[in-house]
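# Survey of secondary and tertiary structure
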Amino acid sequence: MECAWKPDEQGLHQILQLLRESQSPDTSTQRSVQQRLEQLNQFPDFNNYLIFVLTKLKSEGFHVVHLPSYLSSLLPRQDEPTRSLSGLILKNNVKAHYQNFPQGVSSFIKNECLQNIGDSSPLIRATVGILITTIASKGELQNWPELLPKLCQLLDSEDYNTCEGAFGALQKICEDSAEILDSDMLDRPLNIMIPKFLQFFKHSSPKIRSHAIACVNQFIISRTQALMLHIDAFIENLFALATDEEPEVRKNVCRALVMLLDVRLDRLLPHMHSIVEYMLQRTQDQDENVALEACEFWLTLAEQPVCKEVLCGHLSKLTPVLVNGMKYSEIDIIMLKGDIEEDEAIPDNEQDIRPRFHRSRTVAQQHDGDGIEDQDEDDEEDDDDDDAMSDWNLRKCSAAALDILANVFRDNLLLHILPLLKELLFHPEWVVKESGILVLGAIAEGCMQGMIPYLPELIPHLVQCLSDKKALVRSITCWTLSRYAHWVVSQPPDVYLKPLMTELLKRILDSNKRVQEAACSAFATLEEEACTELVPYLAFILDTLVFAFNKYQHKNLLILYDAIGTLADSVGHHLNKPEYIQMLMPPLIQKWNQLKDEDKDLFPLLECLSSVATALQSGFLPYCEPVYQRCVNLVQKTLAQAMLYQSQPEQYEAPDKDFMIVALDLLSGLAEGLGGTIEELVARSNILTLMYQCMQDKMPEVRQSSFALLGDLTKACFQHVKPCIADFMPILGTNLNPEFISVCNNATWAIGEIAIQMGPEMQPYVAVVLHQLVEIINRPNTPKTLLENTAITIGRLGYVCPQEVAPMLQQFIRPWCTSLRNIRDNEEKDSAFRGICTMISVNPGGVVQDFIFFCDAVASWVNPKEDLRDMFYKILHGFKNQVGEENWRRFSDQFPMPLKERLATFYGV
């Protein structure tokens, strides 16, 4: 087979010239290279030239290759980067066009790869390895049966380069194709490969040992059977390598133990004591990569039920190790430009601004006493402090581990932390002091109870640290204080809240961008905790936030919008005062006018305006027309762009539907805030036609937001919605699918709002939705918000169409009662209970078996309206008279005492 194909001298020159040019820094040169490469791809044997350059034009022993003498005198030996580049271009071609390679070309490439996997240059070996993996991942593992046996055979080569090259390629294949390797398609090669890899754990070369562990590690998480058979040998071998002198080996050993903790804890438990001791050492490894892998161990262990018993004896050693890992390293400080104190005038680097995700509107019930919406289950976690280095590092991992361990051990952890904290928090070196403040923030959630006695002293100290001369100390202090906001708000405001707020507002205007960002985020957290406690300070707060508008660079502006939106959510209608509106609206509208329709900065601004409109209500009227118009335009533009893309995808781009989602949500905010006054805006626009399209969009978030808007418009100006009901109801019916929780939730809520407006005319539509609603309320594990909305909507349908709904009473009365006993008295609860009472009067038999649940639900009312109380009274007394005194007494003896007392006091039964 050797060299059946020969390169043409001129072609070879041309390609080498091209490879040399492609290394030029000049962009226009690079662009022309790209075009020429694309053209050359039309010639199938172009790929033969590429592999030829990679494997044949070696720097040594050139004569070995059977080149005609005229060629060898003309061609200088190629440097490794050029050869490697040739291989990488070939790899991209394989990725893009492999199925079009002629048979001869692909066999030539495969053959050359296997011949040269042991090249003397590590760079070339790695390139060949990448090429092999790319071919293998094109579904070629089946069509290249000799590949795996050949690579395994090469592992036994006496020549180090061959063994190392083959292992490098195998490691890449294990990473890329782990699933296929463990499938019947290939006749289970792992049964041979895994025992083979285990033999190499004891190889004399550290690089080979490291490859061997890395290969096996690919099969831990999937509990691959071939590995499970050899699990004890694997663990034994790992222990043997525990103190290997090669950092890469130690790192892979740690990684393996962390994964085994998740997958085969049973096998590690007998050795747990020594594993913990070992991981303690490794978490302090000189090599930061090893320390980071080891630190993951504590995070994973903290999530296992055995964590407490395994770790309780080691806390005194582990705590200082984690605390120590929380200091910034010198490299961190350089990366964070920690020595640059004032950077507010330096424009942001656009690459550093992470995309934000809009959380679409979900309509939720207000719960008992907290006034917080029941957030969807996937609520995002608090962001940690140093986002700009969003790379995971030892500091973040140590802090996360301490946080989660504080939640496991609570105050037991404090015993070990407190002595360390004293030393850290007052340390003269800023780096040490900074880490102490981070520790204090990390334990806030888990150790809150135990920390309370120290907070009266600590909070004022932290408030002082807000004006530290080091920006990194100021920024971490913002974050830590936000973790204690809940406590601060529960104290007399003048003592803690006022000084904290005063200092945080100064930090919002800091001259350092990282501090501005941390202060804004912390302030948003404080707003959520303090709610109306902030009302006395509103003028002062708005002053600061508005001043920040002209001060902030791009990235922090986006966070500022969030702080303003959260403020509006937290103080609500208290914001609706002429002097506040005068301060807040002009800068927001100015930004609104500057931003173009395609600018993604509209998202956070629209979200912010949505909160502001809801809070200001009538106060937003002067601004609503242009805002309303633009939202409708954004929806229309996005829909039009989607249509173009659907009909001619090769000519048009897919639109970013977030523009439409955020615009629909702001329209909801306007409808909710302005109520009936939105009527004339709706009358003059085609919003209902647009909504009809949005409600049928493929993307769940678009449907979710359009159903929220439908419900809000139904409440605000039903006369415009009513003509469309016949078109809308079937769509609402098909979206009662609990697989998409939020879509289903909003559709359910909208149906309830429509029912109330339609009254008896709802009758033709009940059948379209009732069965699904009853099914949802009886499903196990349905989220609370959806259950409550479903119950309210069933109640409302029964209120307007009792004859249609009452026959099914028995199928839903029990979950109906249990889901509504927890929500506070409000309009929605009122209409739902009127519905249930009306249905009971139509079908009293439907409630008999579950009457105790009805009694309990009635007792959950604090003060129902007079006529609703009468309905309750009649039903309770009717039931009592029906069953007779004696039976009623037996029945009511099962009641818990508080329920018995409430019913006796309020309804005399």
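In this text, all values refer to a predicted model and were calculated from it rather than measured experimentally. (Residues numbered from 1 in each chain as written. Predicted model: local features only at pLDDT ≥ 70, side-chain atom pairs only at ≥ 80, totals over all residues. Heavy atoms only, no water.)

In terms of regular secondary structure, the protein is built from 50 helices and zero strands. Here the protein holds 909 residues, and 57% of them are scored as buried. Across the protein, contacts joining residues at least 24 apart in sequence account for 75% of those joining residues at least 6 apart. Roughly 40200 Å² of accessible area belongs to the protein as shown, and the carbon and sulfur atoms make up 51% of that amount. (Helix = DSSP H or I, 4+ residues; strand = E, 2+ residues; numbered from the N terminus. Buried < 20%, exposed > 50% of the residue type's maximum accessible area, 1.4 Å probe, protein only. Contact = heavy atoms within 4.5 Å. Areas by Shrake-Rupley, 256 points an atom, 1.4 Å probe, with all protein chains shown as cover.)

Under the criterion given, the structure shown has 46 salt bridges. For Asp285, the salt bridge is made with Arg250, and the minimal N-O distance between the two is 2.8 Å. Of the two residues, Asp285 sits in the loop between α16 (272–282) and α17 (288–302) while Arg250 sits in helix α14 (residues 247–263), which places them 35 residues apart along the sequence. Accessibility expressed as a relative area gives 10% for Asp285, which makes it buried. Judged by its relative accessible area of 11%, Arg250 is buried. (Salt bridge = Lys/Arg side-chain N within 4 Å of Asp/Glu carboxyl O.)

Looking now at empty space enclosed by the protein. Under the defined criterion, the tally for this structure stands at four cavities of 30 Å³ or more. In this structure, the second largest cavity occupies an estimated 40 Å³ of space. As for the second largest cavity, its lining consists of Val858, Ala859, Trp861, Val862, Pro864, Arg869, Arg902, Phe906 and Tyr907. Where the lining of the second largest cavity is concerned, the elements lending two or more residues are α47 (851–859) and α50 (897–907). Residues of the lining of the second largest cavity, tallied by class, amount to seven nonpolar, no polar and two charged. (1 Å grid on protein atoms, 1.4 Å probe; cavity = no way out; pocket = protein on both sides within 12 Å on 5 of 7 lines; lining within 4 Å. Points joined across faces, edges and corners; volume = space filled by probe spheres on them. Nonpolar A, V, L, I, M, F, W, Y, C, P; charged D, E, K, R; others polar.)

Attention shifts here to the confidence of the model for the protein. Per-residue pLDDT for the protein averages 90, and the proportion of residues at 70 or more is 94%. Within the model, the stretch residues 60–66 combines pLDDT values under 50 with ten contacts to residues more than four positions away or in other chains. This stretch, residues 368–389, has a pLDDT under 50; its non-local contacts, to residues over four places away or in other chains, come to 41 contacts. (pLDDT = per-residue confidence, 0-100.)

Here the focus is helix α35 (residues 658–674). The terminal C-alpha atoms of α35, which comprises 17 residues, lie 24 Å apart, in line with the 24 Å expected from a rise of 1.5 Å per residue. The buried fraction of α35 amounts to 15 of the 17 residues, a majority that puts the element mostly inside the structure. Phi turns positive one or two residues past the end of α35, at Gly675, with a value near 55°. (Expected span 1.5 Å × (residues − 1).)

Take Asn745: it is sitting in helix α41 (residues 741–758). Within the local environment of Asn745, its side chain forms a polar contact with the side chain of Asn746, the two groups lying 3.2 Å apart. Setting aside chain neighbours within four positions, we find Asn745 in contact with Thr362, Val363, Thr785, Leu786 and Asn789. (Polar contact = N/O pair within 3.5 Å; in protein donor to acceptor, adjacent residues only side chain to side chain.)

This part covers the environment of Met762. Tracing the backbone shows Met762 in the loop between α41 and α42 (763–777). Taking relative accessible area as the criterion, Met762 reaches 0% and is therefore assigned buried. Considering only alpha carbons, one finds Met762 and Leu797, 35 residues apart in sequence, at a separation of 7.9 Å. In contact with Met762, other than residues within four places in its own chain, are Met729, Ile751, Ile754, Ala755, Leu797, Val800 and Cys801.

On the surface, Glu528, Glu529, Asp562 and Asp569 cluster together into a negatively charged patch. Among the secondary structure elements, those contributing two or more residues to the negative patch are α29 (513–530) and α31 (554–571). Note on placement: Asp569 falls in helix α31. (Patch = residues over 30% accessible without salt bridge, like charges linked within 9 Å, V, L, I, M, F, W, Y side chains within 5 Å. Lys, Arg positive; Asp, Glu negative; His and termini not counted. Charge placed at Lys NZ, Arg CZ, Asp CG, Glu CD.)

A word on the packing of helix α26 (residues 471–483) against α29. One way to put it is that α26 packs onto α29 with a least axis distance of 8 Å and a crossing angle of 10°. Judged by the inter-axis angle, α26 sits roughly parallel to α29. Contacts between α26 and α29 involve Ala471, Leu472, Arg474, Ser475, Cys478 and Ser482 on the former and, on the latter, Arg514, Val515, Ala518, Ala519, Ala522 and Thr525. Grouping the amino acids of the contact of α26 with α29 by side-chain chemistry returns seven nonpolar, three polar and two charged. (Axes fitted to C-alpha atoms, helices over the stretch in contact; angles between N-to-C directions. Parallel < 35°, antiparallel > 145°, perpendicular 65-115°, else oblique.)

With respect to the helices and strands, Glu434 occurs in helix α23 (residues 430–442). Put simply, Glu434 and Cys465 are 31 residues apart on the chain and 9.6 Å apart in space, counted from C-alpha to C-alpha. Dropping the residues within four chain positions of it, Glu434 is found in contact with Tyr328, Arg395, Leu472, Val473 and Ile476.

Applying the stated rule across the entire model yields 24 aromatic pairs. Between Phe620 and Tyr623, the ring centres sit 6.0 Å apart and the planes meet at 55°, which makes this aromatic pair tilted. A relative accessible area of 0% means that Phe620 is categorised as buried. The exposure class assigned to Tyr623 is buried, which follows from its relative accessible area of 16%. Ring geometry for Phe851 and Phe891: centres 6.2 Å apart, planes at 40°, overall tilted. Taken together, the positions of Phe851 in helix α47 and Phe891 in helix α49 (residues 885–892) put the pair 40 residues apart, joining distant regions of the chain. Overall, the relative accessible area of 1% leaves Phe851 in the buried class. Taking the relative accessible area as the measure of exposure, Phe891 reaches 16% and is therefore buried. (Phe/Tyr/Trp six-rings, centres within 6.5 Å; stacked < 30°, edge-to-face > 60°.)

What follows covers the packing of helix α8 (residues 147–155) against helix α9 (residues 160–181). Between two packed helices, the angle of one axis relative to the other and the distance separating the axes together describe the packing. At their nearest, the axes of α8 and α9 sit 9 Å apart, and the two run at 140° to each other. Viewed along their axes, α8 and α9 form a crossing whose handedness is left-handed. Counted together, Leu147, Leu148, Leu151, Cys152, Leu154 and Leu155 of α8 and Thr162, Cys163, Ala166, Phe167, Ala169, Leu170, Ile173 and Leu181 of α9 form the full contact between these two elements. Residues belonging to the contact of α8 with α9 are distributed by class as follows: 13 nonpolar, one polar and no charged. (Left-handed = near helix turned anticlockwise from the far one by under 90°.)

Here Asp712 is to be found in helix α38 (residues 700–716). With a relative accessible area of 8%, Asp712 lands in the buried category. Residue contacts for Asp712: discarding those within four places in its chain leaves Arg361, Ser668, Ala671, Glu672 and Trp749.

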